[in-house]
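Commentary on secondary and tertiary structure
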Amino acid sequence: MTARTQFDADIDTALADAPLQRALADVPAGFVAGRRRAREELLEFEPLRRVARDIRDHALAHLDLYLEAFESNATKAGSRVHWAASGDDACRIVLDICRAAGARTITKSKSMVSEEIELRERLQDAEFDVVETDLGEYLVQIRNEKPSHIIAPAIHMRAEDVADVFRRQHGHLAPDRKLDTPEEMIAEARGILRDKFLSADVGITGANFLVAESGSAIIVTNEGNADLTMSLPKVHVILTSIDKVVPTFSDAWPLLRLLARSATGQAFTAYTTIVTGPRRPDDPDGPEQCHIILLDNGRTELLASEMRPVLRCIRCGACMNHCPVYCSIGGHAYNSVYPGPIGAALSPALAGAEQAAHLAEASTFCGRCEQVCPVEIPLVSVMRQWRSLALEQPRSRRARVMLHTWARLAQHPRIYRWCAGIAARSLKWLAGSGARIRRLPFLHAWTDYRDLAAPQGGTFQQQWAQREHKRAQRDRADVSAARARKSDSVP
Amino acid sequence: MSHRLRILSRIRKALDAPAMPSETARAEAVAERIAHPPQHWPLRSIQTADPEGAAQLTLIGRFKAQLARLGADVIEVGSVAEIPAALANYVAANVADDAAGLARIRMGSDAFLAALPWSSTSGLEIAAGMAEAADVIGVSRAIAGVAETGTLLLVSGAENPVTLGYLPETHIVVLETGAIVASYEEAMQSMLAATGGRMPRTVNLITGASRTGDIGGKIVMGAHGPRRVAVVLWSA
Ligand code: SF4
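Just so it is clear, the model here is predicted, and its values are computed rather than measured.

Focus: the sheet that holds strand 4 (residues 202–205) of chain A
Residue and element names in this part refer to chain A. Taken together, six strands build an open sheet; the order of strands is 1-10-7-4-2-3 and the sheet is parallel. Whereas interior strands pair on both sides, the edge strands pair on one side only; in this sheet they are strand 1 (80–84) and strand 3 (129–132). Between one strand axis and the next, the sheet turns through 20 degrees on average, direction left out of account. By the bridge criterion, four bridges tie strand 4 to strand 7 (residues 235–241) in an arrangement that is parallel. Along strand 7, the bridge assignment pairs Thr205 with Ile238.

Considerations on the pairing of strand 4 (residues 137–141) of chain B
Along a regular strand, successive side chains alternate from one face of the sheet to the other. Residue and element names in this part refer to chain B. With respect to burial, strand 4 is a largely interior element, four of its five residues being buried. Of the strand pairs in this sheet, strand 2 (residues 103–107) and strand 4 are connected by three bridges, and their pairing is parallel. If you follow Arg106 over to strand 4, its bridge partner there is Gly138. Sheet analysis places strand 4 next to strand 7 (residues 170–176), joined by five bridges and oriented parallel. Across the sheet, residue Ile137 finds its bridge partner in strand 7, namely Thr170.

Description of the domain arrangement of chain A
Residue and element names in this part refer to chain A. Split into domains, chain A comes out as domain 1 (1–41 + 317–411) and domain 2 (48–302). Here the C-alpha centre of domain 2 lies 26 Å away from the C-alpha centre of domain 1. In this assembly, 30 residues from domain 1 lie in contact with 31 residues from domain 2. Across the contact surface, domain 1 and domain 2 share one salt bridge. Across the salt bridge formed by Arg53 and Glu376, the nearest N and O atoms sit 2.9 Å from each other. Between the two partners, domain 1 and domain 2, sit eight residue pairs in polar contact (both at pLDDT 80 or more). Elements supplying a minimum of two residues to the side of domain 1 that touches domain 2: helix 2 (18–41), helix 14 (318–321), helix 16 (340–351) and helix 18 (368–372). With 10 residues, helix 2 is the largest single contributor of residues to the side of domain 1 that touches domain 2. Among the residues making up the side of domain 1 that touches domain 2, the classes are represented as 20 nonpolar, six polar and four charged.

A look at the sheet that holds strand 3 (residues 124–128) of chain B
Residue and element names in this part refer to chain B. If you walk across this open sheet you meet the six strands as 1-12-7-4-2-3, and the pairing is parallel. One side of each edge strand has no neighbouring strand; the edge strands of this open sheet are strand 1 (73–77) and strand 3. On average, each strand axis in the sheet is tilted by 25 degrees relative to the strand beside it, whichever way the strands run.

Conventions and cut-offs
Residues numbered from 1 in each chain as written. Chains lettered and ligands numbered in written order. Predicted model: local features only at pLDDT ≥ 70, side-chain atom pairs only at ≥ 80, totals over all residues. Heavy atoms only, no water. Pairing = 2+ DSSP bridges. Helix = DSSP H or I, 4+ residues; strand = E, 2+ residues; numbered from the N terminus. Axes fitted to C-alpha atoms, helices over the stretch in contact; angles between N-to-C directions. Buried < 20%, exposed > 50% of the residue type's maximum accessible area, 1.4 Å probe, protein only. Domains from an automatic or database assignment. Contact = heavy atoms within 4.5 Å. Salt bridge = Lys/Arg side-chain N within 4 Å of Asp/Glu carboxyl O. Polar contact = N/O pair within 3.5 Å; in protein donor to acceptor, adjacent residues only side chain to side chain. Nonpolar A, V, L, I, M, F, W, Y, C, P; charged D, E, K, R; others polar.

Right, dumping it as C-alpha cells:
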C-alpha cells in the first residue's frame, strides 16, 4: 500500500471510529472558543500577528548570522552547542551524551522535534529507561501510540481510556482504587512521574524559541514538567531546530503573547522559562551540563524554496483546531508527526514528498487555517504548491487520464461548453423528478457521504451569459432614462 | 565537513538571491538589531506604567484581577513586619498541618525574606535551601510582577532556589507592589537591573499554578508542580 492509499483507508477508519468522533466533538471546539475569547481581550491581536510575521521573516532572512550569534553567546554562558544535519545525527548526539553521563533514567518533556526524529524509540532501543513527563505524552507513550495533536497529544483519548490504561500499566497499585475523575487520574500520574523526576540522570526538553542576543532557550509548559525535567538531573539536553532562533527578547515577547492565546486561549502559558547555561557556582540546584542540539532535517531546503514562510511556524496548533478536515478525522489518520494544515505544509519537506505530499489533498482550501495562524503563514498556497509538485509524481493511471482530460477540456472553451451542456442534461435526467442525486455512477465516492444537487436551468456559463445580457439591457435602459430626465430638465 | 559548516553553508546558499543585501549589510543589520532591539510594545491596550500615583494603582488592580482569574490567592499586607503572621494564617487556613500542628516552609537564603520577623509568629517551622521531595510549602521572592497577565518573575540562585516553585504543592511568592510593571519587557529590565545586567541560569515566569487539560479536556490544577499559588503583596 502506498502512503496515499493508506491515508484513504485511515480516513475511513477515523470517520467510523465512534469514540474518536466523540473526543473530537468537544476538545478542538473548546480551543476555538478559547482562542476567540483571548483574541477579543487583546486589542492588538491582529496588528500583533503582522509584527510576529515580520519578526520571524527577519530572523529567517538572517538565519546564519543569528545562529552564529546564538552559538557564541550560549557557549559563553557555559552551554555546549551541537549541530545535527539529520534526525539520525541528532539521535546519535543524544545517545553519546546519555552514555557519557552514565545515565539509566531519562525524563523528557514534550518536544515535537523529538517526535520527528523518534528519539524516545532510539533511546529505548539502547536500553535507557525513558519516560515522557508531559501528561498527554505519557498517556501516548504507555498506550504505545503517537501524539495526535501538537499541543494536546492525547486529544483522541477519553477519560475512560485513561483509567483503563492506568489500571493496566500501574499494576503495583491497589486494583480497587478509585479512578473515576480526571483529578484522581492526575494525582496518580503525578505520584508515578514524581519518582521519575527525582531519579532521572538526564532531562531532555525542546525549546520554543532561542534568543540570539543572550544564547538563551525559552521553554513553555502548563504543567511545569519541563522545569522539573531540566532542574533535577545532572544533565539537561535541549533538542531543538535551527528555525527557532529570534534576535532578541524584545522579539520573543510578541511571539509569546500570541502563542498561548492562539494555542489554548490562555493569556500566557503557566510556566515560561528562560534558560541560559548550566548551574552557576553558587546555585544550589540545576544541571551541571547544558547541551543544545540544533537540528536541520530538511529545514534548509524549505528555506531555499518558495515555501520558506512555513518556517515561521511557532507550533501553536491553531490551524488544526480550526481545520474542518482535522476536526473530522483527528491527527492519527495523517500518519505524520505534524498533522492538520501545518502538517500538510511541513511534513513533505521533512519526510519527503513521496511520503507526505498527498496530505495537501486533505484540505477544502477554506482558508480558516490562514485566518488564525499567528504568523500569517499562507498555508493554502503552500498546500497548493505541494499539490502541483505531487502531480509530477507517478500516480494511478486513472488519476492521470482524468487530470489530463480535464486540462485539455479547460483549455478549449467550445468543447468545454459542449461537454458541460451534456453533463448538465445527463445529471438532470439522473435526478428524474427530484432535485438531488443519491448515487452517481463511477463517482460514488462523492455520493457515499452526501447527495449531489441536480443542476437547475442550464450550465453555469449559460446562466452567466443570461445574467450579463440582462444586466447590459438594464444598464442601457438606465442610460436612456437618465438621458430622458436630463433632456426634461433642460429649460 | 562538520555539521556546523554544512548547515551554515546550506543556509547561506538558501538565502543567496540576486536581491539579497551584501554580506556586510546583513551583518550590520544583525548587529544593529541586537544592540538596539526594536520596541514592538507597548501597543495601545497595555500602557507603560507611571511608577507613582494613579497609574501604579490601576496596574496593581489589573495584576490582582489577573491573579484572581488564574485562581491564585492574593494576601495583602500593610507592612513588611506583617508578612510572617499573614503567611502563617494563610498556611493554617489552607494547608494541612502535621500532627504537631507545625507547618514547615522551605525557603532559600534571600536576605529580604531572612530579615522578616519570623520569631513573632508561631506555627511555622522554617527549613533552608533547595526544595526536597517531602516539602509541602515553598516560599520565594519575586523580582517583578507583570500586570498584563498576572505573571511573576523569579530568578534562579541560592537566594530563591528554582525547585521551591516546582516541587512543593503550595508555592507562596512575596512581591512588593512597587515591583509590579505593565509588561514582560519592563519586567526583564527590572530583572537585569537587579542582577547587574547578568542573565541568571533561569528566569522563571510563573502565571498561576501548574495545570493540565490532557485528560478529557478538563483543566485540572497541580499536574506536576504546585496545586496552589499565593502571592503576598506588600507596600513600602
Ligand atoms: S502554521 Fe500557524 S497556526 Fe499552524 S501551528 Fe504553525 S503557527 Fe500555529
